[in-house]
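Notes for the structure review
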Amino acid sequence: MTADEVFSRYGIRKTLIRSAILTALLEKHEGLTYAELSGRIGKGNNKANIQRALNFFQITGVVRKIVFAGPRLRYYYNERKSNNHIYFTCEKCNSAYVFISEAPVVCLPESIKVIKIEFIVSGTCPCCNENTTHQ
Ligand SMILES: [Zn+2]
């Protein structure tokens, strides 16, 4: 999927900064930290403009932000237009992934209004498991 297709899919206006951010997030499925994101989209964009665009994307549901233990915050393109996500973080190398599958169903009292559900699974990634196996 391209940034232009995302603008069309969500019916939102395209700007240069929004396009640069989306393109960067679409290229990195494991998400990007703010520093990685700002590094990828170039120095021509100031922090306020980047933050404003990220806030807009989060409000419209295009981009999700997840805070891993640390705290390590990463931004992701919300590929499934879903409010339920499963995230995985590797405890050895700190890599992070977003699972395509929906989060498990959670039974809560009816009096609770759920806005979003986020699951963070931690463990060791295939790369770290591979390295452990061959030592
Ligand atoms: Zn790892």
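So, here is what we can say about the structure in this document. A quick note: this is a predicted structure, and the numbers were derived from the prediction, not measured. (Residues numbered from 1 in each chain as written. Predicted model: local features only at pLDDT ≥ 70, side-chain atom pairs only at ≥ 80, totals over all residues.)

**Overview of the overall build of the chain**
Helix and strand content of the chain: five helices and five strands. Starting at the N terminus, the α and β elements of the chain follow one another as α-α-α-α-β-β-β-β-β-α. Expressed as a percentage of its 135 residues, the buried residues of the chain come to 19%. Once local pairs closer than 6 in sequence are excluded, the contacts in the chain between residues at least 24 apart make up 52%. (Helix = DSSP H or I, 4+ residues; strand = E, 2+ residues; numbered from the N terminus. Buried ≥ 20, exposed ≤ 12 C-beta atoms within 10 Å, placed from the backbone. Contact = placed C-beta atoms within 7 Å.)

**Thoughts on the nonpolar core**
Core analysis: the largest hydrophobic core is formed by 19 residues, its most contacted members being Ile 21, Leu 25, Val 63 and Tyr 75. Breaking this core down by element, the ones donating at least two residues are helix 2 (16–27), helix 3 (34–41), helix 4 (47–60), strand 2 (72–77) and strand 4 (96–99). It is helix 2 that provides the largest number of residues to this core, a total of four residues. Those residues in contact with Ile 21 that lie beyond four places of it in its chain are Leu 37, Ile 41, Ile 50, Ala 53 and Leu 54. (Core = buried A, V, L, I, M, F, W, Y, C linked by C-beta atoms within 7 Å.)

**What to know about the packing of helix 2 against helix 3**
Any two packed helices are characterised by the angle at which their axes cross and by the distance between the axes. Packing of helix 2 against helix 3 leaves a shortest axis separation of 9 Å and a crossing angle of 115°. For the pair helix 2 and helix 3, the crossing hand works out as right-handed. Facing helix 2, whose interface residues are Ala 20, Ile 21 and Ala 24, helix 3 presents Leu 37, Arg 40 and Ile 41. (Axes fitted to C-alpha atoms, helices over the stretch in contact; angles between N-to-C directions. Left-handed = near helix turned anticlockwise from the far one by under 90°.)

**Focus: helix 2**
In this model helix 2 runs 17 Å from its N-terminal to its C-terminal C-alpha over twelve residues, within 8% of the 16 Å that 1.5 Å per residue would give. Those residues of helix 2 not exposed but buried are Arg 18, Ile 21, Leu 22, Ala 24 and Leu 25. Down the axis, helix 2 shows its buried residues gathered within 160° of arc, on one side only. Exposed and facing more than 90 degrees away from the buried side of helix 2 are Leu 16 and Glu 27. Residues of helix 2 that are buried sit in contact with helix 1 (3–10), helix 3, helix 4, strand 1 (63–68) and strand 2. (Expected span 1.5 Å × (residues − 1). Arc of directions from axis to C-beta.)

**A look at the environment of Phe 56**
Considering the arrangement of structural elements, one finds Phe 56 in helix 4. Along the sequence, Phe 56 and Ile 12 sit 44 residues apart, while their C-alpha atoms lie 10.0 Å from each other.

**Comments concerning the environment of Leu 16**
Relative to the helices and strands, Leu 16 resides in helix 2. Judged by the 12 C-beta atoms lying within 10 Å of it, Leu 16 is exposed. Measuring from C-alpha to C-alpha, the distance between Leu 16 and Asn 45 comes to 9.6 Å, with 29 residues separating the pair along the chain.

**Here's the deal with the environment of Asn 94**
Relative to the helices and strands, Asn 94 is located in the loop between strand 3 (84–90) and strand 4. Judged by C-beta crowding, with 12 C-beta atoms within 10 Å, Asn 94 ranks as exposed. Sequence-wise, Asn 94 and Ser 122 are 28 residues apart; in three dimensions their C-alpha atoms are separated by 9.5 Å. Beyond its immediate sequence surroundings of up to four residues, Asn 94 is in contact with Arg 72 and Thr 89.

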